Amino acid sequence: MSVTYKDAGVNLEAAEASTKSISALAKSTFNSNVLKNIGLFSGFFELDLKKYSHPVIVSSVDGVGTKLKIAFMMGKHDTVGHDLVNHCVNDIMTSGADPLFFLDYIGTLNLTPENATQIVKGMAEGCKENGCALIGGETAEMPGFYQAGEYDLVGSIVGAVNRQDIIDGSTIKAGDVLLGLPSNGLHTNGYSLARKVILDMGSIDVKEFDNELGDSWGNMLLKVHKSYAQPIKAVRQHKGLAGISHITGGGIEGNTKRLLSDDLGLSINWDSWTVPKEFQLIQKYASISDEEMRRVFNMGIGLIFVVHPESVEEIKSQLEAVGENAVEMGSIIKG
């Protein structure tokens, strides 16, 4: 009896079908800097040296975490790819960089062309939203490694910034003001705790409408991680901007402290904004402490600008011009 790769769990025909549809989606994100089509062993991107006189390459890699479990439960796969792009874009733009190109990795038990197309469709939407190109990726079928119907998702992004324009928090000083921008739900962090509370402890059907929430938990938990590209672009050249914090795992304090020298600390007014309903309900369902909630979740603030006090009003005005109402949520202190 002759054994084939398909007998071992890898369907090359399905992979080829997926590649064709994925390639078309990726090509829709191309710009004049992309030199070759999808399908070669590498992606090619030409750096515009007129724009970057002293270029510094900025990179990041990330995943979507256990938010994927909600996508599996809902049978909805067109948002997690968008999540991944926006998360990576936000990370590199905190340094003042422009996103240039994105690459992805999908690992799965058995490749489903429909699911793969939906995932990459979300990535393509994210890339077009943020002005970067999806120039390559890898899809791996790994029999015996993943559960049926599940996959893992990883993205890598490369950007560039002129060295003199890098934002790294080095000018932050005591008295600087924290300006917070609203999040769009949980973004891509805290899902292991949220799933334990909602599914295990609450036994909630994520597909059913929840009167208290005003939506189904599945829809709420699959809201796309917000891109902050436009507000960052609006203020990143302002001399009064000292640092930018993307609020991901570790919460507001954990992420913002990464910008600070050892002699500085944070004073946060936790009552300066209204915590969204989803966080309030998760906390109520499991009697979670304020400290734990603030350590795990973004609590409704997805990005923080650290601003010198004399520039607060001007920067707030520039943010309002791009549709963002910043919250004065605290300050930098000595200690």
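Preceding this paragraph is the structure being described.
Because the structure is a prediction, the values reported are computed rather than measured.

Chemist: It is not clear to me how unusual backbone geometry should be interpreted in this structure. Could you clarify?
Modeler: Most peptide bonds take the trans configuration, and most residues that are not glycine carry a negative phi. Unusually for a residue other than glycine, Ser 287 sits at a positive phi of about 50°. By the element assignment, Ser 287 lies in the loop between α9 (277-286) and α10 (290-296). Phi at Met 299 is positive, roughly 60°, even though this residue is not glycine.

Chemist: Explanation requested: the sheet that holds strand β3 (residues 133-141) in the structure shown.
Modeler: Strand order across the open sheet formed by 4 strands is β1-β4-β2-β3, with mixed pairing between neighbours. Strand pairing shows two members of the sheet lacking a second neighbour, β1 (55-63) and β3, which therefore form its edges. In this sheet, adjacent strand axes meet at a mean angle of 15° when their direction is disregarded. Pairing analysis gives 9 bridges linking β1 to strand β4 (residues 151-162), with the strands arranged antiparallel. Opposite Val 56, over in β4, you have Val 161 as the bridge partner. Set on the sheet, helix α3 (residues 80-93) makes contact with β1, β2 (98-108) and β4; between it and β4 the angle comes to about 30°.

Chemist: Even after reading the chapter, I still don't get the environment of Leu 84, so can you show me in this structure?
Modeler: Its place among the elements puts Leu 84 in helix α3. A C-alpha to C-alpha distance of 17 Å links Leu 84 and Phe 297, two positions 213 residues apart in sequence. Here Leu 84 is in contact with Asp 62, Gly 63, Val 64, Phe 102, Met 123, Leu 153, Val 154 and Gly 155, once residues within four sequence places are set aside.

Chemist: Sorry if this is basic, but what is going on with the pairing of strand β9 (residues 264-268) here?
Modeler: Along a regular strand, successive side chains alternate from one face of the sheet to the other. Counted residue by residue, β9 has 4 buried out of 5 residues, so it is predominantly covered. The sheet contact formed by β9 and strand β11 (residues 327-334) spans 5 bridges and is antiparallel. Residue Gly 265 lies in a different strand from β11, and its bridge partner there is Ile 333.

Chemist: Explanation requested: the packing of helix α2 (residues 67-74) against helix α5 (residues 191-201) in the structure shown.
Modeler: Packed helices, taken two at a time, are described by the angle between their axes plus the distance between the axes. Taken N-terminus to C-terminus, the directions of α2 and α5 make an angle of 45°; their axes are 8 Å apart at the nearest point. Classed by the angle they form, the pair α2 and α5 counts as oblique. Contacts between α2 and α5 involve Lys 67, Lys 69, Ile 70 and Met 73 from the former and Tyr 191, Arg 195 and Leu 199 from the latter.

Chemist: What is the right way to look at the state of the cysteines in this model?
Modeler: Disulfides are covalent bonds that connect the sulfur atoms of two cysteines. Tallying each qualifying case throughout the model produces 0 disulfides. For the unlinked cysteine Cys 127, the closest cysteine sulfur is that of Cys 132, found at 3.8 Å. When its relative accessible area of 2% is taken as the criterion, Cys 132 is described as buried.

Chemist: Help me understand α2 in this model?
Modeler: Residues three or four positions apart in an α-helix share a direction because the helix packs 3.6 residues into each turn. Residues of α2 that are buried: Lys 67, Leu 68, Ile 70, Ala 71 and Phe 72. Elements in contact with the buried residues of α2: α3, β4, α5 and α6 (217-221). One or two positions beyond α2, positive phi appears at Gly 75, with a value near 65°.

Chemist: What exactly am I supposed to notice about the nonpolar core here?
Modeler: For soluble globular proteins, nonpolar side chains are generally found buried alongside one another. Among the nonpolar cores identified, the biggest contains 86 residues, and Trp 217, Trp 273, Ile 282 and Phe 305 are the most heavily contacted of them. Here Ile 282 is in contact with Leu 186, Ala 194, Val 197, Ile 198, Trp 217, Ile 288, Met 293 and Phe 297, once residues within four sequence places are set aside. Membership of the second largest hydrophobic core comes to 9 residues, among which are Val 34, Phe 45, Tyr 52 and Val 158.

Chemist: How should the packing of α3 against helix α4 (residues 113-130) be read in this particular structure?
Modeler: One way to put it is that α3 packs onto α4 with a least axis distance of 6 Å and a crossing angle of 35°. Once α3 is placed against α4, the crossing between them reads as right-handed. Counting all contacts with α3, which are made through Gly 81, His 82, Leu 84, Val 85, Asn 86 and Val 89, the residues of α4 involved are Ile 119, Gly 122, Met 123, Glu 125, Gly 126, Cys 127, Glu 129 and Asn 130. Of the residues in the contact of α3 with α4, the class split is 6 nonpolar, 6 polar and 2 charged.

Chemist: Please clarify how the sheet that holds β11 should be interpreted in this entry.
Modeler: In a beta sheet, neighbouring strands pair by backbone hydrogen bonds and run either parallel or antiparallel. On the basis of which strands lie adjacent, the open sheet formed by 5 strands has the order β8-β10-β5-β11-β9 and antiparallel pairing. Two strands lie at the open edges of the sheet, namely β8 (241-246) and β9, each paired on one side alone. Neighbour-to-neighbour, the strand axes of the sheet open up by a mean angle of 25°, direction not taken into account. Packing of helix α11 (residues 312-321) onto the sheet brings it into contact with β5 (177-182), β8, β10 (301-307) and β11, and relative to β5 it is tilted by some 15°.

Chemist: Whenever I open this one, the side chain of Ser 245 confuses me. Can you help?
Modeler: Relative to the assigned elements, Ser 245 resides in strand β8. Looking at Ser 245, its side chain comes within polar contact range of the side chain of Thr 256, at 3.2 Å. With near-sequence residues (within four places) excluded, Ser 245 lies in contact with Thr 94, Asn 255, Thr 256, Leu 259, Gly 302, Leu 303 and Ile 304.

Chemist: Looking at this model, I keep getting lost on the packing of aromatic side chains. Mind explaining?
Modeler: For any pair of aromatic rings, the description rests on two quantities: the centre-to-centre distance and the angle between the ring planes. For the structure shown, the criterion picks out 6 aromatic pairs. Between Phe 45 and Phe 101, the aromatic rings sit 5.3 Å apart at their centres with planes inclined by 40°, giving tilted as the arrangement. Highlighted residues: Phe 45 in the loop between α1 (12-27) and β1 and Phe 101 in strand β2, separated in sequence by 56 residues. A relative accessible area of 16% means that Phe 101 is categorised as buried.

Cut-offs applied
- Residues numbered from 1 in each chain as written.
- Predicted model: local features only at pLDDT ≥ 70, side-chain atom pairs only at ≥ 80, totals over all residues.
- Heavy atoms only, no water.
- Helix = DSSP H or I, 4+ residues; strand = E, 2+ residues; numbered from the N terminus.
- Pairing = 2+ DSSP bridges.
- Axes fitted to C-alpha atoms, helices over the stretch in contact; angles between N-to-C directions.
- Contact = heavy atoms within 4.5 Å.
- Buried < 20%, exposed > 50% of the residue type's maximum accessible area, 1.4 Å probe, protein only.
- Parallel < 35°, antiparallel > 145°, perpendicular 65-115°, else oblique.
- Disulfide = S-S within 2.5 Å.
- Core = buried A, V, L, I, M, F, W, Y, C linked by side-chain atoms within 4.5 Å.
- Left-handed = near helix turned anticlockwise from the far one by under 90°.
- Nonpolar A, V, L, I, M, F, W, Y, C, P; charged D, E, K, R; others polar.
- Polar contact = N/O pair within 3.5 Å; in protein donor to acceptor, adjacent residues only side chain to side chain.
- Phe/Tyr/Trp six-rings, centres within 6.5 Å; stacked < 30°, edge-to-face > 60°.

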